[in-house]
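Commentary on secondary and tertiary structure
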Amino acid sequence: MIRLAVIGGGPKSLFALLALHDRLTSASSRQITVDVFDPFPPGSGSVWRGEQPDVLRLNVNMGIVDASSSLSSENFSAWVRRVAPESPAEKYPQRVLVGRYLREQFQLLSQHGNMAVVHAPFVVTGVERAGSTWRVSGPFGSRHYDEVLLATGHGLADAVAFTPFPGAANQHALIGDYSTLTTENIPAESTVWIRGAALTAYDVALLLTEGRGGSWQWPDGDCHDGAGVHYLASGGEPLHIVLSSRSGSLMYPKSESVPERVSACVAHYKQPLREWGRQVRDEVPDCGVGLSGMWSILLDCAQECAHLMGSTASALSLWRTAMTGRSADPGLDAGTLASAVTTAAGLRGSLAVNHYAAPITTAWLWARVWSGLYADLVLVMDRLPRSNQARKEFVRVAHNLERFAFGPPELTALKLVALFDSGILRLATPGESPPHGAVLVDAVTPGPGALHTAAPGGRPSSDIIAALLDSGHVSVGDGDRGLLTDVDGTALARDGSRTESLSALGRPTEDPTLGHDTLNRALHGEYGLWAQRVADRVIDQFDS
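Described below are features of the structure shown in this document. Predicted model only: the values in this text are computed from it and were never measured.

Of regular secondary structure, the chain possesses 16 helices and 15 strands. Relative to the compact-globule value of 24 Å for 544 residues, the chain shows a C-alpha radius of gyration of 24 Å, a close match. Principal-axis analysis of the C-alpha atoms places the extent of the chain at approximately 70 × 55 × 45 Å. The burial tally for the chain puts 53% of its 544 residues in the buried class. Considering only contacts in the chain between residues 6 or more positions apart, those separated by 24 or more positions represent 76%. Element-wise, carbon and sulfur atoms account for 52% of the exposed surface of the chain, whose accessible area totals about 22600 Å². Side-chain charges in the chain split into 44 positive and 56 negative, and the spacing between the mean points of these groups amounts to 1 Å.

What follows deals with the pairing of strand β4 (residues 126–130). Where β4 lies against strand β5 (residues 133–138), five bridges are found, and the strand directions are antiparallel. Its bridge partner being in β5, R129 is matched across the sheet by W134. Turn length for the β4-β5 hairpin, with the two strands adjacent in sequence and antiparallel, is two residues, and the turn residue G131 shows positive phi of about 70 degrees.

Glancing now at the sheet that holds strand β8 (residues 191–195). The four strands lie next to each other as β12-β11-β8-β13, forming an open sheet whose pairing is parallel. Two strands bound the open sheet, and with one partner strand each, they are β12 (425–427) and β13 (439–442). Each strand axis lies, on average, 25 degrees off the axis of its neighbour in the sheet, ignoring direction.

The geometry of an aromatic ring pair comes down to the distance between the two centres and the angle between the two planes. For the structure shown, the criterion picks out 15 aromatic pairs. Look at F76 and Y101: their rings are 5.5 Å apart centre to centre, the planes differ by 50 degrees, and that puts the pair in the tilted class. One end of the pair, F76, is in helix α2 (residues 76–83); the other, Y101, is in helix α3 (residues 95–112), with 25 residues separating them in the sequence. Here F76 matches Y101 in class, with each residue buried. Between W216 and Y231, the ring centres sit 5.0 Å apart and the planes meet at 55 degrees, which makes this aromatic pair tilted. Of this pair, W216 sits in strand β9 (residues 215–217) while Y231 is found in strand β10 (residues 230–232), placing the two residues 15 residues apart along the sequence.

Burial along strand β7 (residues 147–150) is two-sided: E147 and L149 facing one way and V148 and L150 facing the other are all buried. As paired elements, β7 and strand β15 (residues 498–504) share three bridges and run parallel to each other. When the bridges of β15 are listed, L149 appears paired with S503.

Before going further, it helps to examine the packing of helix α1 (residues 11–23) against helix α16 (residues 526–543). At a minimum axis separation of 8 Å, α1 and α16 run at an interaxial angle of 40 degrees. Compared by their axis directions, α1 and α16 come out oblique. Judged by the sense of rotation from one axis to the other, the crossing of α1 with α16 is right-handed. Contact residues: F15, A16, L17, A19, L20 and R23 in α1; Y527, G528, W530, A531, Q532, V534, A535 and I539 in α16. Each residue belonging to the contact of α1 with α16 can be placed in one class, and the counts come to 11 nonpolar, two polar and one charged.

Here the focus is helix α14 (residues 410–422). Its 13 residues place the ends of α14 18 Å apart at the C-alpha level, agreeing with the 18 Å of an ideal helix rising 1.5 Å per residue. Within α14, 10 of the 13 residues are buried, which leaves the element mostly enclosed by the surrounding structure. Those residues of α14 not exposed but buried are E410, T412, A413, L414, K415, L416, V417, A418, L419 and F420. Elements that come into contact with the buried residues of α14 comprise α4 (199–207), β9, β10, α10 (344–354) and β12. Directly after α14, the chain includes G423, whose backbone phi takes a positive value near 90 degrees.

Per the counting criterion, the structure on display carries zero disulfides. This cysteine, C301, is not joined by any disulfide, and C305 carries the nearest cysteine sulfur, 4.3 Å off. Judged by its relative accessible area of 0%, C305 falls in the buried class.

Below, the discussion takes up the pattern of salt bridges. Inspection of the entire model under this criterion finds 28 salt bridges. Put simply, R135 and E128 hold a salt bridge, and the shortest N to O gap is 3.1 Å. Judged by relative accessible area, R135 falls into the partly exposed class, the value being 26%. Its salt-bridge partner being D480, residue R391 comes within 2.8 Å of it at the nearest N-O pair.

Parameters at a glance
Residues numbered from 1 in each chain as written. Predicted model: local features only at pLDDT ≥ 70, side-chain atom pairs only at ≥ 80, totals over all residues. Heavy atoms only, no water. Helix = DSSP H or I, 4+ residues; strand = E, 2+ residues; numbered from the N terminus. Rg over C-alpha atoms; globule rule 2.2 N^0.38 Å. Buried < 20%, exposed > 50% of the residue type's maximum accessible area, 1.4 Å probe, protein only. Contact = heavy atoms within 4.5 Å. Areas by Shrake-Rupley, 256 points an atom, 1.4 Å probe, with all protein chains shown as cover. Lys, Arg positive; Asp, Glu negative; His and termini not counted. Charge placed at Lys NZ, Arg CZ, Asp CG, Glu CD. Pairing = 2+ DSSP bridges. Axes fitted to C-alpha atoms, helices over the stretch in contact; angles between N-to-C directions. Phe/Tyr/Trp six-rings, centres within 6.5 Å; stacked < 30°, edge-to-face > 60°. Parallel < 35°, antiparallel > 145°, perpendicular 65-115°, else oblique. Left-handed = near helix turned anticlockwise from the far one by under 90°. Nonpolar A, V, L, I, M, F, W, Y, C, P; charged D, E, K, R; others polar. Expected span 1.5 Å × (residues − 1). Disulfide = S-S within 2.5 Å. Salt bridge = Lys/Arg side-chain N within 4 Å of Asp/Glu carboxyl O.

Structural data, given as structure tokens:
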């Protein structure tokens, strides 16, 4: 009998277990037992827990969510049509529905699957080698397992923030739990200072307004730039909500439609990008690969898209945008550009660009390139040894371009514009401090990886990771935050060898692998290769 411990019960572990189930025969599956450790309902985990307010919506196209298996052929879209036919056909449905779907798929696995899967509602505090097995410890005591899978996602439950925000109403990160945002903690007509100006901060702003009975007045005609959208206060919301961030700017709203000629142009660059990736892997220098060839391909793509859209954006202006995170419109002066995403006017401008009612900007061009080629970038950058300079440059550029490409849906942006116009919402100026008496809210979520900051010197995100690093069973490369793993998710030890039977999937491995903060299981193949390896072990034991 093979005993498997899965640490973390979110989507990544669900995808892996469904893949394992589908690779086992009914007879061989009796040779494995699975314990899934997570204090929250498995499948949805902490991020997608079921008690989330209806105000919160999915920030990505629902079409990417797919936990289908031999137990159920339904992807999320088909499931919504069946269980919630009254819901309008939306690209960004309520987030609570995603949690329900993921939990149902786990329930199908545990109740009707052909292998024994049990939910253990505990936080694991230790994983250590014990001879040929692994000792997993927690409030339940300790148990021994033949295989361990680390799939801790956004972090272990109730982890304290790496950079605490003293005085914040919430001690823990706002990951699926918004119970601290009550009128008791945040009274009506108070001033709220939010640390963060990205997607979680937008969620908080909506929970404190629409979530407290506020509503929206929409114009009869086109409101693509937010003109005519008004917020109707309920009286229960704060008087002022201030978003603060180190960049002093907001994320750009998603473009809901892209001209076919631009999509075709981006698709044309998929093959050159992948070919570059194959070529640089043939002979990697001791210092690691430089990325100038890759950036050249992306710049060529952006310039060709610019030409197709009638923009005169140059390679220099595009690269400056990638390095600084500031958009450029050839028709505007530099001073105007510097404040383009710090106000309602900036959001309106971005929405107008998305609807082609304003000149195309370098931010819009990079959003098309980065989002359109992202799946190929994930493949090309997968475990690619990079020089220190290339590594730092990639982190910087990726951070900037993701603000352009992966921002809020248009509906959220329109609501933010209305909140800006109402005088309730504003963005803090650089260097500004919270006013006296403000209620503080921490809307910064833990970053990906196993370390809070890059190695060497980065502090481990949990005691589990710290102990495994000390023992040499796992490792993190210099300049990275994430665990080094083989292509099947097997952890790589300090000496570079495979730590057999110890694996990691998802966010703990970010940096060596790219883009794990996603519900799109098609973007990464480790979970399938992991499932095949474990299935082969189970089948071999059954046959013997």
